[in-house]
Amino acid sequence: MNTIVNAFPYLMEGLQVTIYIFFIAIILGFIIGLVVALLRLAPLKILNWIAKIYVDAIRGTPFIVQLFFIYFGLNSLAWISLDNTTAGIVTVAINAGAYFAEIIRAGIQSIDKGQTEAARSLGLNAQQTMRHIVLPQAFRRMLPTFTNQAIISLKDTSLLSVIGIADLTQEGRIQAAATFDAFNVYLIVGLIYFVVIYLLSMLASYVERKFVLR
Amino acid sequence: MSMIRVENLKKSFGNIEVIKDMSTVVEEKEVICVIGPSGSGKSTFLRCLNRLEEISGGHVYIEGVDITDPKNNINTIRQNVGMVFQQFNLFPHMSVMENITLAPMKLKKGDKKAIEKKAYDLLGKVGLQEKAKAYPGELSGGQKQRVAIARALAMDPKIMLFDEPTSALDPEMVGDVLDVMKQLAREGMTMVVVTHEMGFAAEMGDRVLFIDGGYIVEENVPKELFGNPQHERTKAFLSKVL
């Protein structure tokens, strides 16, 4: 019991790092996803291809390989120097971005064509229609899938411990080694992840109820 | 100058030629009703008038401006051409008031108060002032369609296009929507109405176009077209619907 009490403050520090990385990465990932989804649906073929190649490349390779490529691979180039936190954030963002792009694309395509026609018939241009009519409806519809991906990305951050980022998992490893009580330390680490993810999905269903039911 | 001039309009979807060759003219304050069997191309014809369908051949002029010419800004032209759809296409995430004010807010330089006042007046015109704060999901079909008409009118269009506006309504709702359209016609709005409501066409139409097989088969004042159709196809169609 004592070991846990001693380990707990370190685990909380790790949790802060996890949440910090998750938060920035998910926002970046969302922006990437939105841009890529719009490229995917743009009227120019070449843009569609670029977007599709990106999405396929990310979906077709393991997260850990993407992480190693960005941290070790890119850093081996003379003109690039990324610290591990930046590399971690970038990897999670790029990874989530590809999945978000597919979610957003599907969301956009699920909106009835009549919505676009009505907006265009009023004189709104394509951008105004996307911004005021299509995206707000698409986002409401994609919220559940979106939450799912955010949870997956949060769990993916635990893999960042392998490049030495002092996140919750990494702190857990250190404490497990220091206290010789791996059973209890990892049990607590697991519980902390569980609670955070549970809170996240509660928040999501609250937002969903607030916006979707209408 | 004619409000709408259609010259040798053609429209294909892939290999299927839906509009083969149509020409007509709509003058200011005219009410034109378009009738014909389903699949005849009448909705496509209407949708070519504001270029919701890309036009494959020929020309459409709105107030003398060729909308098929890519140099002309279609968004500006569309501000003068309101459209009402069979499925209403109200924006479900916005209140009735927001549905009506969105386009004027974004496209017209006027203050919010004045635009909302006008939207409120338009709601009065279609008899739905008490629904200003409601969402489309809370309205009946007939109410939705009347809001859709108010939404189109908010841009002060010179022309209104109606694409089977009462076809998706329960029968008891049809009258309310037709009444709004009749009032609009009496006020001098230039209207093109694709409809199955032969009663409306006969009563309100200055001219009726009968479309079949990608052509305007016959075009006449309602009394003549309904009472004394010239073409076999018109006769066959009317014998089924009247």
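Thresholds applied
- Residues numbered from 1 in each chain as written.
- Chains lettered and ligands numbered in written order.
- Predicted model: local features only at pLDDT ≥ 70, side-chain atom pairs only at ≥ 80, totals over all residues.
- Heavy atoms only, no water.
- 1 Å grid on protein atoms, 1.4 Å probe; cavity = no way out; pocket = protein on both sides within 12 Å on 5 of 7 lines; lining within 4 Å.
- Points joined across faces, edges and corners; volume = space filled by probe spheres on them.
- Helix = DSSP H or I, 4+ residues; strand = E, 2+ residues; numbered from the N terminus.
- Nonpolar A, V, L, I, M, F, W, Y, C, P; charged D, E, K, R; others polar.
- Axes fitted to C-alpha atoms, helices over the stretch in contact; angles between N-to-C directions.
- Left-handed = near helix turned anticlockwise from the far one by under 90°.
- Contact = heavy atoms within 4.5 Å.
- Buried < 20%, exposed > 50% of the residue type's maximum accessible area, 1.4 Å probe, protein only.
- Pairing = 2+ DSSP bridges.
- Buried area = accessible area lost by both parts, 1.4 Å probe.
- Salt bridge = Lys/Arg side-chain N within 4 Å of Asp/Glu carboxyl O.
- Polar contact = N/O pair within 3.5 Å; in protein donor to acceptor, adjacent residues only side chain to side chain.

Peer 1: How should empty space enclosed by the protein be read in this particular structure?
Peer 2: Sizing a probe to match a water molecule and rolling it over the atoms shows the empty space that remains. All told, the structure shown has 1 cavity of 30 Å³ or more when counted by the stated rule. Approximately 30 Å³ is the volume found for the largest cavity. If you trace the largest cavity, you find it lined by A118, S121 and L122 of chain A together with M83, F85, A148, R151 and A152 of chain B. Of all the secondary structure elements, the ones that give two or more residues to the lining of the largest cavity are helix 5 (113-121) of chain A together with helix 5 (141-153) of chain B. Per element, the largest residue contribution to the lining of the largest cavity is 3 residues, and it comes from helix 5 of chain B. A class-by-class count of the residues in the lining of the largest cavity yields 6 nonpolar, 1 polar and 1 charged.

Peer 1: For this particular structure, what's the right way to read the packing of helix 6 (residues 126-156) of chain A against helix 3 (residues 96-107) of chain B?
Peer 2: It is at 12 Å that the axes of helix 6 of chain A and helix 3 of chain B come closest, and there the two elements cross at 145 degrees. The handedness of the crossing between helix 6 of chain A and helix 3 of chain B comes out as right-handed. Here helix 6 of chain A contributes Q128, H132 and I133 of chain A to the contact with helix 3 of chain B, which in turn contributes L102, K106 and L107 of chain B. Within the contact of helix 6 of chain A with helix 3 of chain B, the residues separate by chemical class into 3 nonpolar, 2 polar and 1 charged.

Peer 1: Even after reading the chapter, I still don't get the pairing of strand 9 (residues 207-212) of chain B, so can you show me in this structure?
Peer 2: Successive residues of a regular strand alternate their side chains across the two faces of the sheet. Residue and element names in this part refer to chain B. The element strand 9 is extensively covered by neighbouring structure, given that 6 of its 6 residues are classed as buried. Across 4 bridges, strand 3 (residues 31-35) lies against strand 9 in parallel orientation. Its bridge partner lying in strand 9, V34 is registered against L209. The turn linking strand 9 back onto strand 10 (residues 215-220) is made up of 2 residues, and G213 within it adopts a positive phi angle of 60 degrees.

Peer 1: Got a minute to help me understand the interface of chain B and chain A in this structure?
Peer 2: With 23 residues of chain B at the interface, the matching set in chain A holds 20 residues. Buried area between chain B and chain A, both sides added, is near 1900 Å², and the carbon and sulfur share of it is 61%. For the pair chain B and chain A, the interface holds 1 salt bridge. Where E117 of chain A meets R47 of chain B, a salt bridge forms, and the shortest distance between an N and an O atom there is 2.6 Å. The interface formed by chain B and chain A contains 6 residue pairs in polar contact (both at pLDDT 80 or more). Elements supplying a minimum of two residues to the side of chain B that touches chain A: helix 2 (74-78), strand 6 (81-84), helix 3 and helix 5 of chain B. When residues in the side of chain B that touches chain A are grouped by element, the largest group, 4 residues, is from helix 3 of chain B. A breakdown of the residues in the side of chain B that touches chain A according to their chemical character gives 14 nonpolar, 5 polar and 4 charged.

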